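What follows is each chain in one-letter form.
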Amino acid sequence: QLQLTESGGGLVQPGGSLRLSCAASGKDYYTTAWFRRAPGKGREALLCIMNGGAPAYYSDSVRGRFTISRDNAKNTVYLQMNRLMPEDTAIYYCASRRFNVCSSGANAYAYWGQGTQVTVSS
């Protein structure tokens, strides 16, 4: 089964930046999305990227601040987060599917990482 390993979370001050990584096992390429779950809230879809094509944006709150990209040589998908705000505090998850189509629905993704905590605070 595909395994996803997230890293890069931590504590950052408001206005700062972080880059999260989602490393996939194997040598195949998958459609991968980033989700987050803030304290007391449900899972929110952020962005998605396929093996090829333009990324899909699903959250107005992160548009213009967050960027998704991938490095196929490393089997890794990244989430670059800039101008972070306290409301960005959440557990961030990456999720993948074999189907080469992006989706904002969590149920569309069969494979999930363990999550990485991002805390934005002074």
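Residues numbered from 1 in each chain as written. Predicted model: local features only at pLDDT ≥ 70, side-chain atom pairs only at ≥ 80, totals over all residues. Heavy atoms only, no water.

**Side note on the overall build of the protein chain**
Here is step 1 of the chain: Within the protein chain one finds zero helices and 11 strands.
Here is step 2 of the chain: Helices (α) and strands (β) of the protein chain occur, in sequence order from the N terminus, as β-β-β-β-β-β-β-β-β-β-β.
Here is step 3 of the chain: Over its C-alpha atoms the protein chain spans a radius of gyration of 13 Å, differing by no more than 12% from the 14 Å that the globule rule assigns to 122 residues.
Here is step 4 of the chain: Structurally, the protein chain occupies a C-alpha span of about 40 × 25 × 25 Å along its principal axes.
Here is step 5 of the chain: Going through the 122 residues of the protein chain one by one, you find that 43% of them count as buried.
Here is step 6 of the chain: For the protein chain, the proportion of contacts with a sequence separation of at least 24, taken over those separated by at least 6, is 58%. (Helix = DSSP H or I, 4+ residues; strand = E, 2+ residues; numbered from the N terminus. Rg over C-alpha atoms; globule rule 2.2 N^0.38 Å. Buried < 20%, exposed > 50% of the residue type's maximum accessible area, 1.4 Å probe, protein only. Contact = heavy atoms within 4.5 Å.)

**A few points about the sheet that holds strand S7 (residues 66-71)**
Here is step 1 of the chain: On the basis of which strands lie adjacent, the open sheet formed by four strands has the order S1-S3-S8-S7 and antiparallel pairing. Strands with a single pairing partner mark the edges of an open sheet, and in this sheet they are strand S1 (4-7) and S7. Strand-to-strand twist in this sheet, taken as the mean axis angle between neighbours without regard to direction, amounts to 15 degrees.
Here is step 2 of the chain: Direction of pairing for strand S3 (residues 18-24) relative to strand S8 (residues 76-81): antiparallel, over a ladder of six bridges. Bridge pairing in S8 places Ser21 opposite Tyr78. (Pairing = 2+ DSSP bridges. Axes fitted to C-alpha atoms, helices over the stretch in contact; angles between N-to-C directions.)

**Quick look at the pattern of salt bridges**
Here is step 1 of the chain: Tallying each qualifying case throughout the model produces four salt bridges.
Here is step 2 of the chain: Measuring nitrogen to oxygen at the nearest pair gives 2.9 Å for the salt bridge that ties Glu44 to Arg36.
Here is step 3 of the chain: Relative accessible area serves as the criterion here: at 28%, Glu44 is assigned to the partly exposed category.
Here is step 4 of the chain: Taking the relative accessible area as the measure of exposure, Arg36 reaches 6% and is therefore buried.
Here is step 5 of the chain: A salt bridge links Asp60 to Arg63; the nearest nitrogen and oxygen atoms lie 2.3 Å apart.
Here is step 6 of the chain: One salt-bridge network, in which partners are shared between bridges, spans Arg36, Glu44, Arg65 and Asp88. (Salt bridge = Lys/Arg side-chain N within 4 Å of Asp/Glu carboxyl O.)

**Section: the side chain of Glu6**
Here is step 1 of the chain: With respect to the secondary-structure elements, Glu6 resides in strand S1.
Here is step 2 of the chain: One buried charged residue, Glu6, forms no salt bridge at all, with the nearest opposite charge on Arg43 at 8.1 Å.
Here is step 3 of the chain: Side-chain polar atoms of Glu6 contact the backbone nitrogen of Cys94, separated by 2.4 Å.
Here is step 4 of the chain: At a separation of 2.9 Å, a polar atom in the side chain of Glu6 contacts the main-chain amide nitrogen of Gln114.
Here is step 5 of the chain: Not counting residues within four places of it along the chain, the set of residues in contact with Glu6 comprises Ser21, Trp34, Tyr92, Tyr93, Cys94, Gly113, Gln114, Gly115 and Thr116. (Lys, Arg positive; Asp, Glu negative; His and termini not counted. Polar contact = N/O pair within 3.5 Å; in protein donor to acceptor, adjacent residues only side chain to side chain.)

**Points about the packing of aromatic side chains**
Here is step 1 of the chain: Within this structure, the stated rule accounts for three aromatic pairs.
Here is step 2 of the chain: Between Phe35 and Trp112, the aromatic rings sit 5.0 Å apart at their centres with planes inclined by 50 degrees, giving tilted as the arrangement. Of this pair, Phe35 sits in strand S4 (residues 31-37) while Trp112 sits in strand S10 (residues 111-112), and the two are 77 residues apart along the sequence.
Here is step 3 of the chain: In this arrangement the basic side chain of Arg19 is found over the ring face of Tyr78, its NZ or CZ atom lying 4.2 Å from the centre.
Here is step 4 of the chain: A cation over an aromatic ring shows up here: Arg43 above the ring of Trp112, its NZ or CZ 4.6 Å from the ring centre. (Phe/Tyr/Trp six-rings, centres within 6.5 Å; stacked < 30°, edge-to-face > 60°. Lys NZ or Arg CZ within 6 Å of the ring centre and 35° of its normal.)

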